[in-house]
Structure formats: C-alpha cells, structure tokens
Amino acid sequence: MSDKRIYLSSPTMHGEELKYIHEAFDTNWVAPLGPNVNEFEKEVAAYVGGGYASALSAGTAAIHLALIIAGVKRDDVVFAQSLTFSATVNPIVYVGAKPVFIDSEKDTWNLDPDALRKAFEKYPQCRVVLAVNLYGTPAKLDEIRAICDEHNAILIEDAAESLGSKYKGRHTGTFGDLGIFSFNGNKIITSSGGGMLYSKDEEAIKRSRFLATQAREPERHYEHKEIGYNYRMSNVVAGIGRGQMKHLDEHVSLKKDIYMTYRKAFEDIEGVTMNPYGAESEPNFWLSCMTLDKSLSVKPIDIMLALEKENIETRPIWKPMHLQPVFKDCDLITAEMERVSDKIFDTGLCLPSDIKNTAEDMDRIISLVRGVFGR
Ligand SMILES: *Cc1c(COP(=O)(O)O)cnc(C)c1O
C-alpha cells in the first residue's frame, strides 16, 4: 500500500487566502461581517453575471433561508430532487413542510422535467421546487424553469456543487428565483465552510441578511418581530473565500482535465460510462463519476475496494432521498418504468477527483481501475 493518500476532493489552498485573513486580523475585523464579507458577496455575484448575494455560515443555511423567503409554511408541499445530498432536503423539514421527491432523468442525472410535470398533476398546490446541479452538471434548467413558471412556482436552485458551471452560456445558480452556493471543504472552492444565497432580487437578499442576523429590527434597542437565525459568515472565513475565488476558473479547468482523462482511459471498456452532461452545458466537473452496466460482472464495490487497498478514496453515488429511512413516508414521483435515481445509485461510483492529483497519481488510479476489468 502506498503511503500517499489520494483524496476524492480535498481543499486546495494557494496562499493568497492568507493575505485577506491578515487584513482581517490587522484591522481587528475577526467578528462576523466586515469588509471581506461585503467584497466576497460582490465578487461571487459579479462572477455569476450580476445580481446580489449574502454570505452565510453554510450552504444548508442558505437553503433554509431560501425556503423561508419563498414563503414555505408548515405542511406545504415542496418538490425536491431525490438524487442529492441530504443537505438539499433537510431544510424542508426545518420549516415543517413536506418533501415530495422527484426522480432524475438519464441525460444529466438531475430533476426529470417529465416527473416534475406529473408531480404538479398530483400536487397542484405546490409552489416551491428545489432543483440540484449534481456533481457540477447543470440540470435541464430551461425546461424546469418553464414548468415552474407555468405553475407559478418559485424555483430554488441548489448550485452547492456547481459554482463555475454554465448552462447555455449562463452560470448555474442564476436560473432559480433563488440560488445557493456552498464553500464547504470538498467543494470546487472552499472558505473552510460557508455558503451563499444568490438572487437578482435585491429585496430577497436584504431579507436573507436580516433573517441571518437574528431578525433584528433597525431600532436602537433590540426589537424583534420575527424569528431570526445566526447564519452570517465571519469576516475571516470570507477572506479565505476571496482568495479562493481568484482560482475558481483554474480549479474548473483542472477538474475538466481529470474528467477527460478518465473518459479517454476507459472508453474501450464496454458498459463503462462517465457521468453524462448535455451539449448545451459546460459543467465544472466537480466529481468524476462512472457507471457500470448491470450486465458487467464488475460492480462499483469491486472498484472501491481495489482503490481503498491502495489508500485511494472513492465514494458511492448519493443515496436517493426516497430510499433513506428518515424519509420513508415521503412520496416519490417518477416518469420512467424503472427509477432512474435508484439505477444510478446501484451502478455508479465517484472517482478520485482531487485537483492536486499528479499525472502519476492519475496513471496509477487508471491502471488499478483497468486492472479490476482484467485490462
Ligand atoms: C454540500 C452540499 C450542500 C450543503 O452545503 P454546506 O455548505 O455543506 O451546508 C447542499 N446541497 C448539495 C447538493 C451539496 O453537495
């Protein structure tokens, strides 16, 4: 076994982050808020093409506030992509609403527009839809947007994994009425932990800043008319984020190289496919994933075990939310005979996608994987 651990996706720091942290210390702006927070918000909003953003303690906090701002109330139905990380859907339960899960389509692994149409037939009262750009691959955002508009529903776009991805030339996170980003440790860039709520609607972002600072009314004394949260990002954390933003495009380009290297390396193995994306999309390729045709004798677990033995990290595909014990009573809407998300979960895995991997690391991973297939 090699001593060197190869990671799925670990933080990549550049040193520039320290400049902003030092600034924060030198000016004693270590408390929540401060110049780094304001600038980080402006930089992210400008990067995705304008609009407004509020820096928060986590992507999960951003989803929670998005649901409150969208007006979701106790017992409301919220449609959500089933194939995702639990952080997408947990906030639906925080506000007392009921998640109804939507299956994925095969082309991008994201929310299936046909299933979404079916869901509106069954639950015409639904007013909020949560779509995800899984592993950095844009969903069928135009179609999803049009269906939401047809039903007067608010679209919340979980772009936690897809900062830097584009759909039809436009950045993901900007297709929803509200979009969210995450800067958690393993994402495309990291602030060590944190998130952002994004919108073109300045009022919505102002409201999120208000709710995230304990819903304190603008009075000299402490006046509260609503329940608030302590969800703001600290000025130190925002400094790390600012340093990372300078390297976002470079990270995307390195992630793309990883994906293309894998795709080329496995193209001769029949029944092996990399995670698909649409021709209209430029994903950020956050994680490179592979699926194995059910007819193959090699299963995802065989590859995971072979790499684990060599100190190389892999991960299963997110287990769909409708298969989670905690959500066993929730409905799932699917448009296909066979559930697409179940099939992706059963046949897929995430390959090491760390941008610090060297060419030798990639060669080693590839020959180990090929070895499992007897190549
Ligand atoms: C990481 C992630 C989140 C949550 O972001 P945090 O910053 O970790 O709270 C939400 N949705 C998806 C799809 C994610 O991958």
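Conventions we followed
Residues numbered from 1 in each chain as written. Predicted model: local features only at pLDDT ≥ 70, side-chain atom pairs only at ≥ 80, totals over all residues. Heavy atoms only, no water. Helix = DSSP H or I, 4+ residues; strand = E, 2+ residues; numbered from the N terminus. Rg over C-alpha atoms; globule rule 2.2 N^0.38 Å. Buried < 20%, exposed > 50% of the residue type's maximum accessible area, 1.4 Å probe, protein only. Contact = heavy atoms within 4.5 Å. Areas by Shrake-Rupley, 256 points an atom, 1.4 Å probe, with all protein chains shown as cover. Lys, Arg positive; Asp, Glu negative; His and termini not counted. Charge placed at Lys NZ, Arg CZ, Asp CG, Glu CD. Pairing = 2+ DSSP bridges. Right-handed = clockwise from strand over helix to strand, strands pointing away.

Of regular secondary structure, the protein chain possesses 12 helices and 15 strands. Scaling as 2.2 N^0.38, a compact globule of 375 residues should have a C-alpha radius of gyration of about 21 Å, and the protein chain matches this with 21 Å. Expressed along its principal axes, the backbone C-alpha trace of the protein chain runs to roughly 70 × 55 × 35 Å. Burial statistics for the protein chain: of 375 residues in total, 56% are counted as buried. A fraction of 72% describes how many contacts in the protein chain between residues 6 or more apart in sequence connect residues 24 or more apart. For the protein chain, the exposed surface amounts to about 16100 Å²; the carbon and sulfur share of it is 51%. Positive and negative side-chain charges in the protein chain, numbering 44 and 54 respectively, have mean positions lying 2 Å apart.

For strand E4 (residues 128-132), a buried count of 5 out of 5 residues is recorded, marking the element as mostly surrounded by other parts of the structure. Residues Val128, Leu130 and Val132 line one face of E4 and the alternating positions Val129 and Ala131 line the opposite face, and both faces are buried. Here strand E2 (residues 77-81) pairs with E4 via 3 bridges, running parallel. Bridged to Ala80 within E4 is Leu130. Here E4 runs beside strand E5 (residues 154-158); their pairing, made up of 5 bridges, is parallel. Residue pairing across strands places Leu130 opposite Ile156, the latter belonging to E5. Following the chain from E4 across helix H6 (residues 141-150) to the adjacent parallel E5, one finds a crossover that is right-handed.

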